[in-house]
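Topology and contacts: notes
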Amino acid sequence: MAVTATRNGAPAARTRRRISLTPYLFLLPHMLFFAVFVFYPLFRGLWISFQNYDFLRPEQAQFIGLDNYAALFRAGSTKFNEFWNAMKVTVQFVLLSVPFLVLIPLGLALLLNTRVKGANAFRAIYFAPWVLSAAVISLIWWWIFQSQGGLLNYYLKEIGLPTPRWLSTMPYAMWTIVIATVWWTMGYNMIILLAALQEIPPELYEAAAIDGAGRWSVFRSITMPMLRPVMIFILTMTIIASFNLLAQPMMMTRGDPRLSTGGGATQPVMYRIFDEGFVRPFQGSAAAMSFIVAAIMIGFSYANNLILRRRGEG
Amino acid sequence: MTTTTATVQEPRFLSYRARKILTRVLIYSLMALVAIIIIIPIIWMFSTSLKLKSQLFSREIHWIPQVITLDNYTRILSNPSTPIGRWFVNTLIVSTITTALVLVVDALAAYAYARLEFPGRRVLFTMLLATLFLPGVMFLVPNFVTVAQLGMLNKFSGVIIPALAGVFGVYFMRQFYETIPKELEEAAYIDGAGTFQTFLQVVLPLTKGALATLAVITFLASWNDFLWALLVLKDRAVQTLQPGLRTLQGAYTSEYGLMMAGAVIVAVPVLLVYVFLQRYVVQSVATSGLKG
């Protein structure tokens, strides 16, 4: 993400003024909260991850070095199984949902970009689910996927298709979470893609029309290359957002079905961290897990930056 | 662009006009199909919330309930073990205060970063931007510990205060200040106005649109917050709506009508915000993508 400041210098008239306290007073409220809840926790979190820490008994906290991390890499232990299973579930979720979360929005944005009458109303409808909360959409889809009285199985039965127990058997349980999430957030990516499509200079299309290029070749040689940076941005953002998956499995499947090796077949990594640090009393271990997950997420952001920058130079 | 001849050689079964109409029909049917898929679950939520339990598991599905009842609403509103009315008020208080404070804190800080000259400005702002890309998960445990030690568990301040540390609003407002011509402020300084007075009387009125956008996003985020509210506000009396829905889900068995009534109560305010302030919501998303 190119967040370079466009203007660095202050106006000449202002630089002559004496350095005063006023700017700091403007900053003070935000700096105070920022220091306590963004800056300080970076170090505190790391410190807690080196401890055997239970927030109910902070006085009994013990420094244990890298043990919390080591436990997550000790093959065969329950902690290892549960954590890496959660990572696997997260990756599965990413692989199943991200293609839909990029391709469906792309298709919708292209449709809306034809600027037929009423396109704005359709855009408003497609984006609407995004304003609902994770809890609301989870509850709605949980009801739709129910075996007893559920909407989906009712219609599947009507047309003579099998009616699986969606929420409690694999692979269906994973699909319920994917479907609910795609329905919920595809409008967000669509809006970003649509804005990017509308930024493409019309001259490019006019030139192609003069050349007599067909629809497909216009799409391949103009639209796609122009969209590339935004597509990479969306891909990265969607993958990162997928790591935060929590409410849907919590309210729809409870992370089930359980696995004999530890963990649940739909328990992603955020759910694991929640369990470890806020259901069980292992905050040190939960902090260690969150640093590992954060490192992976930052890695994705960084890769995204590299790709975009290389393109900018080339 | 080497495909100049490809389209011309296609045999044409339909006239240009007919093809154009056909494409249009195709586009509309596709768009309508997606719209239906999007709307169905929302309609189903409303429909279910108006049904008696006995109607939920009938052999046939009725989109419009045979008997329309508000029974579900009166029942959850009167049940003291799931005080959804209380939760609604709690959420409204938390979201409103958070939004108001975020606007004040972020507008002030962003102005300093955009316009005021002081030692350390660039270092501080770079640091702020760097944290913008740090995943929220890193802050979960340490901030929870901090909130607990400050005695803010089960208090609204425990969700409001950490929300004020956010960097997005500062970044967002600063971008906007950069687009305002400096001449206006310089004129105010020449007239003898102080920094704060200039900010308040000259700059702020020009940023109403940006402030409205920030207010809408902050309110929605605060209203919809699930995880942090779940962790910090545990007692039923201080809970907010989102974790409240989870409590509701656990409190009843197969009472889908009741749960959908709960979902409606949580969803309607944000849907209203969306219907009336759609421009601001959509704008904020569209611009957030373009910086990529």
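Residues numbered from 1 in each chain as written. Chains lettered and ligands numbered in written order. Predicted model: local features only at pLDDT ≥ 70, side-chain atom pairs only at ≥ 80, totals over all residues.

A look at unusual backbone geometry
Cis geometry marks the peptide bond from A:Met170 to A:Pro171, where omega comes out at 0 degrees. The omega angle of the peptide bond from A:Asp256 to A:Pro257 is -5 degrees, so this bond is cis rather than trans. Looking at the element boundaries, A:Pro257 is found in the loop between helix 11 (247-253) and helix 12 (269-279). The phi dihedral of A:Arg254 is positive, around 55 degrees, even though this residue is not glycine. Here A:Arg254 is to be found in the loop between helix 11 and helix 12. Judged by the 16 C-beta atoms lying within 10 Å of it, A:Arg254 is partly exposed. Although it is not a glycine, B:Asn154 sits at a positive phi angle of roughly 60 degrees. Among the structural elements, B:Asn154 can be located in the loop between helix 7 (137-149) and helix 8 (157-163). (Helix = DSSP H or I, 4+ residues; strand = E, 2+ residues; numbered from the N terminus. Buried ≥ 20, exposed ≤ 12 C-beta atoms within 10 Å, placed from the backbone.)

Comments concerning the interface of chain B and chain A
Listed as interface residues are 83 residues of chain B and, on the opposing side, 88 residues of chain A. Sorting elements by how many residues they give to the side of chain B that touches chain A places helix 15 (residues 256-290) of chain B first, with 16 residues. (Contact = placed C-beta atoms within 7 Å.)

Considerations on helix 5 (residues 119-127) of chain A
All names here are of chain A. Buried within helix 5 are the following residues: Phe122, Arg123, Tyr126 and Phe127. Seen from one end, helix 5 has its buried residues packed into an arc of 130 degrees, which puts them on one side. Among the exposed residues of helix 5, those pointing more than 90 degrees away from its buried face are Asn120 and Ala121. (Arc of directions from axis to C-beta.)

Concerning the environment of A:Ser242
With respect to the helices and strands, the residue A:Ser242 is situated in helix 10 (residues 215-242). Sequence separation of A:Ser242 and A:Ser77 is 165 residues, and the distance between their C-alpha atoms is 26 Å.

A few points about the nonpolar core
Counting 153 residues, the largest nonpolar core has A:Val136, A:Leu139, A:Leu193 and B:Ala263 as the members making the most contacts within it. In terms of residues, this core owes the most to one element, helix 8 (residues 172-199) of chain A, which gives 15 residues. Mapping this core onto the domain boundaries places at least three of its residues in each of domain 1 (8-73) and domain 2 (81-290) of chain B. Aside from chain neighbours lying at most four places away, what touches B:Ala263 is A:Val136, A:Leu139, A:Ile140, B:Met45 and B:Leu245. (Core = buried A, V, L, I, M, F, W, Y, C linked by C-beta atoms within 7 Å. Domains from an automatic or database assignment.)

Describing the packing of helix 9 (residues 168-178) of chain B against helix 12 (residues 208-224) of chain B
Residues and elements named next belong to chain B. With their axes 10 Å apart at the nearest point, helix 9 and helix 12 run at an angle of 160 degrees to one another. By the angle class used here, helix 9 and helix 12 are roughly antiparallel. Crossing angle aside, the handedness with which helix 9 passes helix 12 is right-handed. Residues Gly169, Phe172, Met173 and Phe176 of helix 9 pack against Ala210, Leu214 and Thr218 of helix 12. Looking at the contact of helix 9 with helix 12, its residues break down into five nonpolar, two polar and no charged. (Axes fitted to C-alpha atoms, helices over the stretch in contact; angles between N-to-C directions. Parallel < 35°, antiparallel > 145°, perpendicular 65-115°, else oblique. Left-handed = near helix turned anticlockwise from the far one by under 90°. Nonpolar A, V, L, I, M, F, W, Y, C, P; charged D, E, K, R; others polar.)

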